[in-house]
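# Tertiary structure, described
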Amino acid sequence: MRNRKKNIIMLVALLTLGLAWSVRYVTFNKEIRNNSTAKKVIKYNKIGEWVPFGNNYMVDSYCNGYFIRIDGFRILDYDIYMQELAELGYRKDEQRSYPQVKKILEVEITLKNKENVDKGIDFLDTWLFGEDFYMVLVPKWFEVVNSFDTNSMGGVSLRTDTECRMKLPYSMTEITYREKLGRKLEKEKLWMRLTGYPEERWVRVQ
């Protein structure tokens, strides 16, 4: 009789534990589904607008306090751009060969730091996107056209309450240009992706 009573108590305890686990499992998975299906906030900004990075991450950097403004852009052939870099002191023996690069899109921006005291912007985390292609920043060209110290690797940090105008050179490879752009690059809609989480922030370049 005692053993039977003990078995009943154990059975009730196991059932209670199983029920509690099942409820928690269902609740937990509901939370996961709600988070994964939550509508992502995407914001678009125009050329000439001051755009805050806000409480968002680029790729792995957090740049709250910084603002960016797109001031203009220009599109150049690779050879012409190399000539311009040479005039800025980019010696021929320093130049890496980029035979695959077809076009350069150089974006002119103003970067402002209002309140960030310990972080900088890594422009390698900013890509240019067209309808069906993308362009990446070339760090060495970024250093040359902005007269920055070597090995900045596309990164820049400003003191609080200062701003700086700079140029961001993005490259388009020959493969992308040939396969994706049988049309005029000058007529493409181009966007710069600033941040990815929790808000996506995009700025129109052209």
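Residues numbered from 1 in each chain as written. Predicted model: local features only at pLDDT ≥ 70, side-chain atom pairs only at ≥ 80, totals over all residues. Heavy atoms only, no water.

Another point: the overall build of the protein chain. Helix and strand counts for the protein chain come out as 4 helices and 11 strands. Buried positions account for 37% of the 206 residues belonging to the protein chain. The long-range share in the protein chain, meaning contacts at least 24 apart out of those at least 6 apart in sequence, stands at 73%. When the accessible surface of the protein chain is summed, it comes to about 13,300 Å², and 53% of that surface belongs to carbon and sulfur atoms. (Helix = DSSP H or I, 4+ residues; strand = E, 2+ residues; numbered from the N terminus. Buried < 20%, exposed > 50% of the residue type's maximum accessible area, 1.4 Å probe, protein only. Contact = heavy atoms within 4.5 Å. Areas by Shrake-Rupley, 256 points an atom, 1.4 Å probe, with all protein chains shown as cover.)

With that out of the way, let us pick up the pattern of salt bridges. Counted under the stated rule, the structure contains 9 salt bridges. In this structure, R74 engages E106 in a salt bridge whose closest nitrogen and oxygen atoms are separated by 2.8 Å. One end of the pair, R74, is in strand β3 (residues 66-77); the other, E106, is in strand β4 (residues 101-113), with 32 residues separating them in the sequence. Classification of E106 by relative accessible area gives buried; the value is 2%. For E199, the salt bridge identified is with R201, shortest N-O distance 3.0 Å. For the pair E199 and R201, a shared accessibility class is recorded, and that class is buried. What emerges from the salt-bridge pattern is a single network uniting R69, D71, E108 and R165. (Salt bridge = Lys/Arg side-chain N within 4 Å of Asp/Glu carboxyl O.)

If you look at the biggest cluster of nonpolar residues, it comprises 31 residues, and the most contacted ones within it are V107, L111, F123, L168 and M192. Elements supplying a minimum of two residues to this core: β3, β4, β7 (134-137), β9 (162-173) and β10 (191-195). Residues in contact with M192, not counting those within four places in the same chain, are I68, I70, V107, T126, W127, L128, L168, Y170, R201, W202, V203 and V205. Y78, I104, W141 and V145 belong to the second-largest nonpolar core, a separate cluster that totals 12 residues. (Core = buried A, V, L, I, M, F, W, Y, C linked by side-chain atoms within 4.5 Å.)

For helix α2 (residues 78-87), the set of buried residues is Y78, Y81, M82 and L85. Seen along its axis, α2 keeps its buried residues to an arc of 100 degrees; they face one direction. Structural note: α2 exposes D79, Q83 and E87 on the side pointing more than 90 degrees away from its buried face. (Arc of directions from axis to C-beta.)

Another point: the environment of P52. You can see P52 is positioned in strand β2 (residues 51-52). Note on P52: relative accessible area 25%, which makes it partly exposed. Remark: the alpha-carbon pair of P52 and T195, spanning 143 residues in sequence, is separated by 9.9 Å. Once residues within four sequence positions are removed from consideration, P52 is found in contact with Y66, F67 and R201.

By the criterion of burial, β4 is predominantly enclosed, with 11 of the 13 residues buried. Here β3 runs beside β4; their pairing, made up of 11 bridges, is antiparallel. Bridging across to β4, D77 finds its partner in K103. (Pairing = 2+ DSSP bridges.)

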